[in-house]
Amino acid sequence: MSLNLPNLNSAGGSWVIRFAELKDGGETGTLAAPVATQTADPAYPLELMRQNVQGTVTLMAIIRSDGTVSDVQVLQGVDERLDEYARKALARWHFRPATRNGNPVDLEAVVRVPFRPMRLKSGF
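Sequence order sets the numbering: in each chain, residues are counted from 1 along the sequence as written. Predicted model: local features are reported for residues with pLDDT of at least 70 only, side-chain atom pairs are reported and counted for 80 or more only, and whole-chain, interface and lining totals are derived from all residues. Each side-chain value is derived from all of the structure's non-hydrogen atoms; neither hydrogens nor water enter the calculation.

Draft legend 1. Spotlight on the overall build of the chain. A tally of regular secondary structure across the chain gives two helices and 10 strands. Helices and strands appear in the chain in the N-to-C order β-β-β-β-α-β-β-α-β-β-β-β. A burial count over the chain gives 33% of its 124 residues as buried. A sequence separation of at least 24 residues applies to 75% of the contacts in the chain between residues at least 6 apart. Surface accessibility in these figures is a Shrake-Rupley result with a 1.4 Å probe; residues are shielded only by whichever protein chains are displayed. A total accessible area of about 7000 Å² is found for the chain, and carbon and sulfur atoms account for 47% of it. Secondary structure elements are taken from DSSP: a helix is a run of H or I of four residues or more, a strand is a run of E of two residues or more, and numbering for both begins at the N terminus. In this scheme, a residue with accessible area under 20% of its type's maximum is buried, one over 50% is exposed, and one in between is partly exposed, where area comes from a 1.4 Å probe on protein chains only. Residue contacts are counted whenever heavy atoms from the two residues lie within 4.5 Å of one another.

Written as structure tokens, this is what we have:
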């Protein structure tokens, strides 16, 4: 399962989230994807854009059966500051949880967060 949402603080790219059930209890049935109900874009300070600090941060987290996000870790970073901005933003997300047979389940999520500087007008 996956989810794509735009990163409004970046000139291009979207959050790309891939989900997998955290533990397979051997249950069969349809696994319904979680739905983001509250999102937050990471900070991307003008200073870092001017310095052309850019790239894609890859995170791993757990989407809990209550819809909260926990255990956010950086798998592949770009810059310590951008890594931390991405980690903090994802921790603020909330989901309507994934379900299997109508019962909420924990999921593991791998999340890619793009940082692309917007073109800045001279004189700023």
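On we go.
Draft legend 2. Focus on the pairing of strand β5 (residues 55–63). Taking burial as the measure, the nine residues of β5 include seven buried ones, the bulk of the element. In this scheme, strands are said to pair when DSSP sees at least two bridges between them. Sheet topology note: the β5/strand β10 (residues 107–115) ladder contains nine bridges and is antiparallel. Among the inter-strand pairings, M60 is bridged to a residue of β10, identified as V110. The pairing of β5 with strand β6 (residues 69–76) spans five bridges and is classified as antiparallel. Counterpart to I62 in the pairing with β6 is S70. Connecting the antiparallel pair β5 and β6 is a turn made up of five residues, with G67 showing a positive phi of about 90°.

Draft legend 3. Structural view of the side chain of S70. Residue position: S70 is located in strand β6. On the basis of relative accessible area, S70 is assigned to the buried category, the value being 19%. Any pair of N or O atoms that falls within 3.5 Å is considered a polar contact. Within protein, one atom must be able to donate a hydrogen and the other to accept it, and sequence-neighbouring residues count only if both atoms are side-chain atoms. Only 2.9 Å separates the side chain of S70 from the side chain of R64, close enough to count as a polar contact. With residues near it in sequence (within four places) discarded, S70 still touches A61, I62 and R64.

Draft legend 4. Just the environment of P114, in detail. Structurally, P114 is set in strand β10. For the pair P114 and V16, spaced 98 residues apart in sequence, the C-alpha to C-alpha distance is 8.9 Å.

Draft legend 5. Just the packing of aromatic side chains, in detail. Working definition: rings of Phe, Tyr and Trp (its six-membered ring) pair if their centres are within 6.5 Å, and the pair is stacked with planes under 30 degrees apart, edge-to-face with planes over 60 apart, and tilted otherwise. For the structure on display, the rule yields three aromatic pairs. Both rings, one in F19 and one in F95, keep their centres 6.2 Å apart while their planes meet at 85°; by these two values the pair is edge-to-face. Within this pair, whereas F19 is found in strand β2 (residues 14–21), its partner F95 is found in strand β7 (residues 94–96), the two being separated by 76 residues in sequence. Exposure remark for F19: the relative accessible area of 8% places this residue in the buried category. Overall, the relative accessible area of 2% leaves F95 in the buried class. Of the aromatic side chains, those joined through ring pairs into one cluster are F19, W93 and F95.

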